[in-house]
Amino acid sequence: MDEKDLSLKLEVIVAEAIQRLSKLNNTEELEKWRIQYFGRKGIFASMTSQIPSMPVEMKPQAGALINSAKRKLTEAFEERKKNLLTLQDKKTEFNLNFGLPGLKPETGSLHPVTLVSREIVRIFQGLGFGVHTGPEIETDFYNFEALNMPADHPARDMWDTFYLDSERKFLLRTHTSPVQIRVMEKISVPLRIIAIGKTFRRDDFDASHSPVFHQVEGLMVGPDITFSNLKAVLIFFLKELFGTRVKVNFLPSYFPFTEPSAEISISCVICEGKGCQTCGFTGWLEILGAGMVHPEVFRKSGIQQNNVTGFAFGAGLERIAMIKYGIDDIRQFYTGDMRFLKQFG
Ligand code: DAH
């Protein structure tokens with residue numbers, strides 16, 4: 001074989017290799033092709049191995065021709081590889097099904113207690129009441145003493161208390177009533193406020209008890225505030241909350257921090273007063289405690305004016321939500337079960 005034959009042979013090899021290259025469909029086929037030409041036992045290796053047996057004057061030329069052929073094929077190979085890779089990327093892209101509906105992010109919903117709380121704030125703000133808060137960890141003074149329950153007062157037994165220290169000075173507030181004292185210490189008369197927040201009692205969980213729950217507290221203080229003002233505000237509030245058809249009933253009751261005290265019921269929202277399981281066949285649902293602020297409470301809060309009177313009230317938010325939404329187990333509020341919670345927002 002002379003130089004010309006070799007050159008021709010290489011041209012044919014290159015042309016054929018390039019044509020085959022253009023027909024390869026994936027990187028595996030490409031690799032096979034590379035091994036066939038450039039591998040240890042490949043076509044170029046075998047051609048190079050023949051150089052030593054060639055006539056001396058032909059050796060340098062043969063080496064140059066083979067190298068140039070190798071360069072051409074290397075270039076062609078790199079080019080093809082690049083094309084195949086982008087093609088493969090595109091394919092994966094197009095394997096995605098753009099017609100499928102997207103994954104919707106879970107949206108939250110408002111907890112029924114939040115809903116009721118917002119509704120109550122809306123109603124009282126409309127009546128000019130401010131919204132206040134107080135600490136969940138309270139002292140004996142604010143939770144009991146200032147509310148006319150000195151140490152050993154039997155009324156303290158109305159609330160099973162979580163004490164935080166052995167001296168029983170600090171506790172988790174058993175009701176929102178201590179906010180009344182804090183507000184009267186801070187802002188001057190006349191005042192009208194509500195306070196909403198968590199309250200704690202040493203109760204075991206059952207269908208109507210929870211060791212943590214929420215209350216709303218109300219307080220209106222000014223010159224010559226009367227029981228009629230109390231009735232007007234609470235009847236308006238309850239009709240806004242439960243609808244105008246609801247009837248409101250006031251019964252005498254006892255709380256150490258009010259005198260006189262009242263227990264307020266609404267006609268059963270389920271049976272409209274006829275009597276059913278929800279209202280224990282009485283036709284009434286107890287909803288609020290209220291009364292005229294006891295003079296001792298004013299004294300403990302530092303209010304001394306003679307003609308100043310006031311009323312106060314308190315209610316449980318879970319109980320309001322249970323009545324409003326027809327929920328029969330308070331534990332539902334605390335399970336975090338979205339199937340339940342989603343029904344109200
Ligand atoms: N603090 C009372 C309770 O937890 C509820 C209450 C009753 C609050 C009468 C008041 C009130 O402000 O006047 O049972």
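Residues numbered from 1 in each chain as written. Predicted model: local features only at pLDDT ≥ 70, side-chain atom pairs only at ≥ 80, totals over all residues. Heavy atoms only, no water.

**Q** Describe the pattern of salt bridges, and please don't skip the residues or the numbers.
**A** Within this structure, the stated rule accounts for 11 salt bridges. Measuring nitrogen to oxygen at the nearest pair gives 3.4 Å for the salt bridge that ties Arg122 to Glu240. Taken together, the residues Arg122 in helix H5 (residues 112–126) and Glu240 in helix H8 (residues 227–242) connect sequence positions 118 residues apart. Its relative accessible area of 36% is what places Glu240 among the partly exposed residues. One salt-bridge network, in which partners are shared between bridges, spans Glu119, Arg122 and Glu240. (Salt bridge = Lys/Arg side-chain N within 4 Å of Asp/Glu carboxyl O. Helix = DSSP H or I, 4+ residues; strand = E, 2+ residues; numbered from the N terminus. Buried < 20%, exposed > 50% of the residue type's maximum accessible area, 1.4 Å probe, protein only.)

**Q** Give me the lowdown on the environment of Val113, citing residues and values where you can.
**A** The residue Val113 is located in helix H5 in this model. Distance from Val113 to Phe333, taken between C-alpha atoms, is 7.9 Å for residues 220 residues apart in sequence. The contact partners of Val113, leaving out residues within four places of it in the chain, are His214, Leu317, Glu318 and Phe333. (Contact = heavy atoms within 4.5 Å.)

**Q** Residue-level account of helix H10 (residues 317–325), with values.
**A** By the burial criterion, the buried members of H10 are Leu317, Glu318, Ile320, Ala321, Met322 and Ile323. Two residues or fewer after H10 comes Gly326, characterised by a positive phi angle close to 65°.

**Q** Can you lay out the packing of H5 against H8 for me, pointing to particular residues and giving the numbers?
**A** Put simply, H5 and H8 touch, their axes get as near as 10 Å, and they point 135° apart. Regarding the angle of H5 to H8, the classification is oblique. As H5 runs across H8, the sense of the crossing is right-handed. For the pair formed by H5 and H8, the contact residues are Glu119, Ile120, Arg122, Ile123 and Phe124 on the first element and Val233, Phe236, Phe237, Glu240 and Leu241 on the second. (Axes fitted to C-alpha atoms, helices over the stretch in contact; angles between N-to-C directions. Parallel < 35°, antiparallel > 145°, perpendicular 65-115°, else oblique. Left-handed = near helix turned anticlockwise from the far one by under 90°.)

**Q** Quick one: what's the story with the site of the ligand, residue by residue and with numbers?
**A** Lining the immediate environment of the ligand, one finds 16 residues, of which His175, Ser177, Gln180, Arg201 and Glu217 sit closest. In this structure, Gln215 approaches the ligand through a side-chain N or O atom, which is 3.0 Å from an oxygen atom. Within the contact set of the ligand, an oxygen atom lies 3.1 Å away from a backbone nitrogen or oxygen of Ala312. Relative to its unbound accessible surface of 360 Å², the ligand loses 92% to contact with the protein. Put simply, the parts of the chain that give the shell around the ligand at least two residues each are strand S5 (212–223), strand S8 (284–293) and strand S9 (308–316). Grouping the constituent residues of the shell around the ligand by class yields 6 nonpolar, 8 polar and 2 charged. (Near = heavy atom within 4 Å. Polar contact = N/O pair within 3.5 Å; in protein donor to acceptor, adjacent residues only side chain to side chain. Areas by Shrake-Rupley, 256 points an atom, 1.4 Å probe, with all protein chains shown as cover. Nonpolar A, V, L, I, M, F, W, Y, C, P; charged D, E, K, R; others polar.)

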